[in-house]
Amino acid sequence: MMWPMTPRTLQFTLSSLRTSRLGLFRSLDFKQCTAELILRGCYQAELGYPRQMCSTPSLLTPGCDVGRDIIQNSKEVLSLLQGKNPAFKPVLAIIQAGDDNLMQEVNQNLAEEAGLNITHICLPADSSEDEIIDEILKINEDTRIHGLALQISETSFSNKILNALKPEKDVDGVTDVNLGKLVRGDAHECFVSPVARAVIELLEKSGVNLDGKKILVIGAHGSLEATLQCLFQRKGSMTMSSQWKTPQLQSKLHEADIVILGSPKPEEIPLSWIQPGTTVLNCSHDFLSGKLGCSSPGVHGTGPIAEDVSLLAAALRIQNMVSSRRRWFREQQYRRWRLHCLKLQPLSPVPSDIEISRAQTPKAVDILAKEIGLLADEIEIYGKSKAKVRLSLLERLKDQADGKYVLVAGITPTPLGEGKSTVTIGLVQALTAHLNVNSFACLRQPSQGPTFGVKGGAAGGGYAQVIPMEEFNLHLTGDIHAITAANNLLAAAIDTRILHENTQTDKALYNRLVASVNGVREFSKIQLARLKKLGINKTDPSALTEEEMRKFARLDIDPSTITWQRVMDTNDRFLRKITIGQGNTEKGFSRQAQFDIAVASEVMAVLALTDSLTDMKERLGRMVVASDRNGQPVTTGDLGVTGALTVLMKDAIKPNLMQTLEGTPVFVHAGPFANIAHGNSSVLADKIALKLVGEEGYVVTEAGFGADIGMEKFFNIKCRASGLVPSVVVLVATVRALKMHGGGPSVTAGVPLKKEYTEENLQLVADGCCNLEKQIQIAQLFGVPVVVALNVFRTDTRAEIDLVCELAKRAGAFNAVPCYHWSIGGKGSVDLAQAVREAASKKSRFQFLYDVQLPIVEKIRTIAQAVYGAEDIELSPEAQSKIDRYTEQGFGNLPICMAKTHLSLSHQPDKKGVPKDFVLPISDVRASIGAGFIYPLVGTMSTMPGLPTRPCFYDIDLDTETEQVKGLF
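Predicted model only: the values in this text are computed from it and were never measured. (Residues numbered from 1 in each chain as written. Predicted model: local features only at pLDDT ≥ 70, side-chain atom pairs only at ≥ 80, totals over all residues. Heavy atoms only, no water.)

Student: How do you make sense of the overall build of the chain when you look at a structure like this?
Tutor: Helix and strand content of the chain: 36 helices and 32 strands. Burial status across the chain gives 58% buried among its 969 residues. Within the chain, residue pairs in contact and separated by at least 24 positions form 74% of the contacts whose partners lie at least 6 positions apart. (Helix = DSSP H or I, 4+ residues; strand = E, 2+ residues; numbered from the N terminus. Buried < 20%, exposed > 50% of the residue type's maximum accessible area, 1.4 Å probe, protein only. Contact = heavy atoms within 4.5 Å.)

Below, the structure is given as structure tokens:
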């Protein structure tokens with residue numbers, strides 16, 4: 001049955017077509033939309049198009065049902081995803097050049113119905129290519145926008161514009177990446193053109209069997225032409241493409257069963273060329289944009305298919321958005337990484353560390369980031385092999401279950417080295433490259449002091465390293481330089497404030513601190529915070545009384561109580577005690593001061609323990625630098641420098657991503673020493689890694705020096721700050737180090753080892769295992785299972801290896817495993833990895849050693865007796881005075897960070913094994929309030945190392961031809 005069409009009805013249809021269609025789309029009534037498209041088809045018949053090309057309502061309904069179903073399905077999927085994550089709401093951006101309110105309303109209403117947010121960027125119709133690209137680039141980098149579609153003229157779709165689109169946001173499937181995946185058969189991993197999909201959907205839903213059909217695509221270009229051809233061919237159709245001016249067009253039209261119009265039909269092409277009964281669909285840009293004109297009518301639909309391509313394409317675009325977000329959401333759940341691991345070809349004898357590092361070509365860091373589930377906008381790339389990871393990742397993965405948390409610690413260190421970093425790297429290489437388990441190593445950034453001094457680098461060694469090792473060991477991404485700058489800015493602020501307070505009246509000082517700028521005088525934000533701290537509830541600088549101005553302006557710092565020192569990242573013994581302020585311009589205000597190594601700065605400890613940018617700012621503001629003359633603490637916030645320090649540290653807070661020799665991921669972040677600070681990498685690196693590896697993965701982090709120092713602080717300070725619960729402790733030992741603890745001769749750097757260390761000596765090994773047994777017992781105080789990793793050297797005998805493993809198990813270790821990663825890489829630590837997995841499967845009984853509410857003295861005594869084995873502690877008068885002051889100031893409930901020699905369980909470096917019958921002397925006590933701990937100094941502790949007679953820098957050089965670093969180890 002045909003619809004009657006009178007001239008009056010025709011006139012109404014023409015004049016109200018866009019208005020009525022807009023209203024119908026607004027109501028999302030697909031049947032009414034279809035009816036209007038029928039009117040347009042009948043109008044074409046009135047203009048002289050073949051009557052058989054008019055469509056009937058019954059034949060049009062399937063396409064509209066599809067659109068309705070698509071929107072409803074998308075709505076249900078989004079609702080399900082938002083049920084799991086209420087904050088999850090995708091945003092689609094559409095860049096539109098010109099005034100096309102019709103399609104804008106269509107997109108808006110379809111998106112709202114499905115539950116999407118949508119934003120239109122409306123540009124003038126004559127916008128240039130560069131102007132459109134500028135908008136594309138902005139949206140590419142906007143993490144709040146998840147999809148981008150272009151609604152611009154067909155002539156504007158240049159390669160330059162298409163190449164500017166991020167493939168992962170290209171919901172219209174026009175980029176080369178998405179087209180390539182489609183052609184390759186990976187349609188489930190890419191966006192497919194919604195217009196091309198609409199054509200297929202309409203044909204199939206209308207009962208057209210595409211298998212064997214002859215399809216002619218006329219006037220289509222670029223991505224639409226390619227997608228149509230690909231989709232039709234997969235349906236078994238024979239597809240031909242042609243342009244309107246092709247000489248053989250008439251014969252091709254006669255042969256075609258289905259004709260797809262990719263651009264408007266020129267007037268000179270007669271409609272009679274199209275055979276009666278041929279199905280015709282219009283996908284031309286002007287038609288889809290609603291730009292119809294009476295002057296050049298075209299064929300828009302015939303036979304059993306309606307002209308609802310535009311509406312269905314809009315719905316499918318919404319579906320593309322929802323499907324991609326569902327795919328993204330699934331990828332955030334735990335999954336095994338599809339990691340391309342790098343192959344090792346170990347040599348014997350094992351070359352130098354830098355030779356091994358240089359022989360391996362690391363993966364591009366952006367590829368590594370993608371492999372482990374990082375999004376492109378979550379990394380900031382530094383060169384080819386390093387990147388910083390943005391903290392926004394934690395919000396994205398907040399609902400992801402954490403992986404297992406493994407700590408690598410060691411026996412009491414000796415000059416022979418135990419290889420904790422090497423074991424850490426070997427273990428993750430074994431887990432990921434050989435057992436196909438997600439794992440992450442988290443290491444500290446090494447200080448350049450030891451790198452150029454005596455210890456050398458800290459990237460691991462042999463075939464278990466972080467690469468490139470020279471980048472790891474030198475500047476990395478500049479975090480330590482940022483710490484140095486922040487620390488020294490604060491130091492300068494302290495002495496400068498003392499000078500100005502000593503040389504100005506209250507009024508002059510106040511007027512300079514709250515100066516008039518462009519005629520406006522007001523407090524800064526941090527000054528308002530100080531007023532609040534002082535109990536002055538005023539915001540007008542002129543409203544303060546003289547007494548209030550004095551209280552505000554004068555910190556009245558007592559120079560003898562200043563605990564904040566300047567720092568530098570170089571071992572320089574001659575800066576251990578200095579005099580500052582000797583210039584004439586300082587007006588005689590000099591004092592004794594000192595330099596510390598940069599990694600001893602409290603700013604470093606803050607970086608290592610913070611869990612967010614906000615938390616870091618608060619911690620930096622709480623740092624106590626001195627006391628005033630009334631005994632009250634003076635903080636960074638009082639000095640007004642908190643914001644400036646945060647600015648200097650805003651990039652340093654982001655963990656640094658690198659990789660091992662076998663291409664597995666590593667975070668390198670923060671580097672506090674363990675003997676003068678808490679000795680662990682950052683909480684943030686661990687937290688991010690635990691989310692990335694997923695519930696069945698492993699994060700392996702390292703604590704500095706022996707378990708009595710680094711591990712104890714990891715548990716009592718770091719885990720208390722982070723709330724993370726460790727699963728396993730890997731305790732590293734070597735046969736030759738145990739021999740030294742058993743009474744072996746002293747070792748001198750650069751001198752060949754004595755025979756006790758190169759020949760079998762079971763008695764020395766057995767005697768030295770007392771230290772290993774003690775460290776196992778310390779770990780057991782915290783309720784964490786211990787796996788002993790015996791780092792094997794070529795001089796170790798089978799009898800010695802078996803003896804250590806047997807004694808370790810007797811002492812309570814869950815397992816003890818010899819490791820060979822130094823000589824053959826991760827393959828040599830597969831047994832260790834399996835032992836760690838087995839131990840981690842046991843339920844954790846983790847507990848802290850002490851209650852922080854205990855008095856400071858009792859907490860110190862608990863550590864000394866339970867961990868070090870001391871009989872008691874002895875406080876110097878200065879230490880007792882400091883403890884009393886910190887308790888009175890309200891800092892008594894902080895954990896303890898012992899500053900003690902790492903070379904012995906006692907305070908005497910030469911006492912190896914397990915010293916007995918000693919009293920631990922506490923010479924001084926200091927407070928790191930921002931970091932959140934009290935640190936007692938045991939005996940004489942230096943916070944600035946010195947250089948040896950022959951420092952490492954003698955061997956470090958640069959090849960000026962290749963720019964390669966030489967001599968690092």
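Now, onward.
Student: Just to check I follow, could you spell out the environment of Asp-257 for this structure?
Tutor: Structurally, Asp-257 can be placed in the loop between α10 (249–255) and β6 (258–261). A residue is classified by how much of its surface remains accessible, and Asp-257, at 33% relative accessible area, is partly exposed. C-alpha separation for the pair Asp-257 and Leu-210, spaced 47 residues apart in sequence, amounts to 9.5 Å. Filtering out sequence-adjacent residues up to four positions away, Asp-257 remains in contact with Lys-213, Lys-214, Thr-278 and Thr-279. Polar side-chain contacts of Asp-257 include one of 2.9 Å to the backbone nitrogen of Lys-214. (Polar contact = N/O pair within 3.5 Å; in protein donor to acceptor, adjacent residues only side chain to side chain.)

Student: Help me understand the packing of aromatic side chains in this model?
Tutor: Applying the stated rule across the entire model yields 11 aromatic pairs. Pairing Phe-714 with Phe-715 gives two aromatic rings, centres 5.5 Å apart and planes at 65 degrees, and the pair type is edge-to-face. According to the relative accessible area criterion, Phe-714 is buried, its value standing at 0%. Feature note: the residues Tyr-405, Phe-714, Phe-715, Phe-782, Phe-846 and Phe-848 constitute an aromatic cluster, connected by ring pairs. (Phe/Tyr/Trp six-rings, centres within 6.5 Å; stacked < 30°, edge-to-face > 60°.)

Student: Before we go on, may I ask you to explain the sheet that holds strand β7 (residues 279–282) in this structure?
Tutor: With parallel pairing, the 4 strands of this open sheet are ordered in space as β5-β4-β6-β7. Because the sheet does not close on itself, it has two edges, and the strands there are β5 (238–242) and β7. Shown here is a sheet whose adjacent strand axes are inclined to one another by a mean of 20 degrees, direction ignored. Pairing of strand β4 (residues 214–218) with β6 involves 4 bridges; the strand directions are parallel. Pairing of Val-217 across the sheet is with Ile-260, part of β6. (Pairing = 2+ DSSP bridges. Axes fitted to C-alpha atoms, helices over the stretch in contact; angles between N-to-C directions.)

Student: Got a minute to help me understand a nonpolar patch on the surface in this structure?
Tutor: Taken together, the side chains of Leu-947, Phe-953 and Tyr-954 present a nonpolar region at the surface, about 290 Å² in accessible area. The topology assignment puts Tyr-954 in the loop between β30 (933–938) and β31 (957–958). A relative accessible area of 52% places Tyr-954 in the exposed class. (Patch = residues over 30% accessible without salt bridge, like charges linked within 9 Å, V, L, I, M, F, W, Y side chains within 5 Å. Areas by Shrake-Rupley, 256 points an atom, 1.4 Å probe, with all protein chains shown as cover. Salt bridge = Lys/Arg side-chain N within 4 Å of Asp/Glu carboxyl O.)

Student: I'm lost on the sheet that holds strand β28 (residues 872–875) in this one. Help?
Tutor: Across a sheet, paired strands are connected by hydrogen bonds in the backbone, their directions being either parallel or antiparallel. Read across the open sheet, the 3 strands follow the order β28-β29-β30; overall the sheet is mixed. Strands at the two margins of the open sheet, each flanked by one partner only, are β28 and β30. Averaged over all pairs of adjacent strands, the angle between strand axes in this sheet comes to 50 degrees, irrespective of strand direction. Of the strand pairs in this sheet, β28 and strand β29 (residues 919–928) are connected by 4 bridges, and their pairing is parallel. Following the sheet pairing, Ile-873 is matched in β29 by Leu-920.

Student: Is there a simple way to explain the state of the cysteines in this structure?
Tutor: Each disulfide consists of a covalent bond between the sulfur atoms of two cysteine residues. For the structure on display, the rule yields 0 disulfides. As a non-bridged cysteine, Cys-190 has Cys-230 as the owner of its nearest cysteine sulfur, 9.0 Å distant. The exposure class assigned to Cys-190 is buried, which follows from its relative accessible area of 6%. Cys-819 provides the cysteine sulfur closest to Cys-805, a residue in no disulfide bond, and the two sulfurs are 8.6 Å apart. By relative accessible area, Cys-805 is classed as buried at 9%. (Disulfide = S-S within 2.5 Å.)

Student: Help me out: how do you make sense of the packing of helix α35 (residues 856–868) against helix α36 (residues 877–888) in this one?
Tutor: How two helices sit against one another is set out by the angle between their axes and by the gap between those axes. Taken N-terminus to C-terminus, the directions of α35 and α36 make an angle of 125 degrees; their axes are 10 Å apart at the nearest point. It follows that α35 is oblique to α36 by the angle criterion. Contacts from Ile-856, Val-857 and Ile-860 in α35 reach Ile-883, Tyr-886 and Thr-887 in α36. When its residues are assigned to classes, the contact of α35 with α36 shows 5 nonpolar, 1 polar and no charged. (Parallel < 35°, antiparallel > 145°, perpendicular 65-115°, else oblique. Nonpolar A, V, L, I, M, F, W, Y, C, P; charged D, E, K, R; others polar.)

Student: Even after reading the chapter, I still don't get the environment of Leu-281, so can you show me in this structure?
Tutor: Structurally, the position occupied by Leu-281 is in strand β7. On the basis of relative accessibility, which here comes to 1%, the residue Leu-281 falls in the buried class. Spatially, the C-alpha atom of Leu-281 lies 6.4 Å from that of Val-259, the residues being 22 residues apart in sequence.

Student: I'm lost on the pairing of strand β22 (residues 656–660) in this one. Help?
Tutor: Residues in a regular strand project their side chains so that they alternate between the two faces of the sheet. Along β22, 5 of the 5 residues are buried, which leaves the element largely enclosed by surrounding structure. Sheet topology places strand β9 (residues 386–389) next to β22; 2 bridges connect them, and they run antiparallel. Looking at β22, one finds that Ala-387 is bridged to Leu-657. Summarising the sheet, β22 and strand β23 (residues 665–668) pair through 4 bridges and their orientation is antiparallel. Residue pairing across strands places Met-658 opposite Val-666, the latter belonging to β23. Taken together, β22 and the strand that follows it, β23, pair antiparallel across an intervening segment of 4 residues, in which Gly-663 is found at a positive phi of about 80 degrees.

Student: Hey, could you run me through unusual backbone geometry in this one?
Tutor: The phi torsion of most residues other than glycine is negative, and most of the peptide bonds are trans. Pro-349 follows Ser-348 through a cis peptide bond whose omega is 0 degrees. Among the structural elements, Pro-349 can be located in the loop between α12 (309–332) and α13 (353–359). A cis geometry characterises the amide bond from Ile-467 onward to Pro-468, with omega recorded as -10 degrees. Along the chain, the position of Pro-468 falls in the loop between β13 (464–467) and α18 (469–473). The phi dihedral of Asp-556 falls on the positive side, at around 55 degrees, and the residue is not glycine. Relative to the helices and strands, Asp-556 is located in the loop between α22 (546–553) and β16 (566–568). The exposure class of Asp-556 is partly exposed, given its relative accessible area of 34%.

Student: So what exactly am I meant to see when it comes to α22 here?
Tutor: Helical geometry note: an α-helix holds 3.6 residues per turn, so side chains three or four residues apart project in the same direction. Of the residues making up α22, those classed as buried are Glu-548, Met-549, Phe-552 and Ala-553. All buried residues of α22 lie within an arc of 125 degrees about the axis, which places them on one face of the element. Packing partners of the buried residues in α22 comprise α19 (479–503), α20 (506–513) and α21 (525–533). (Arc of directions from axis to C-beta.)

Everything listed here is a matter of geometry and, on its own, says nothing about what the molecule does.
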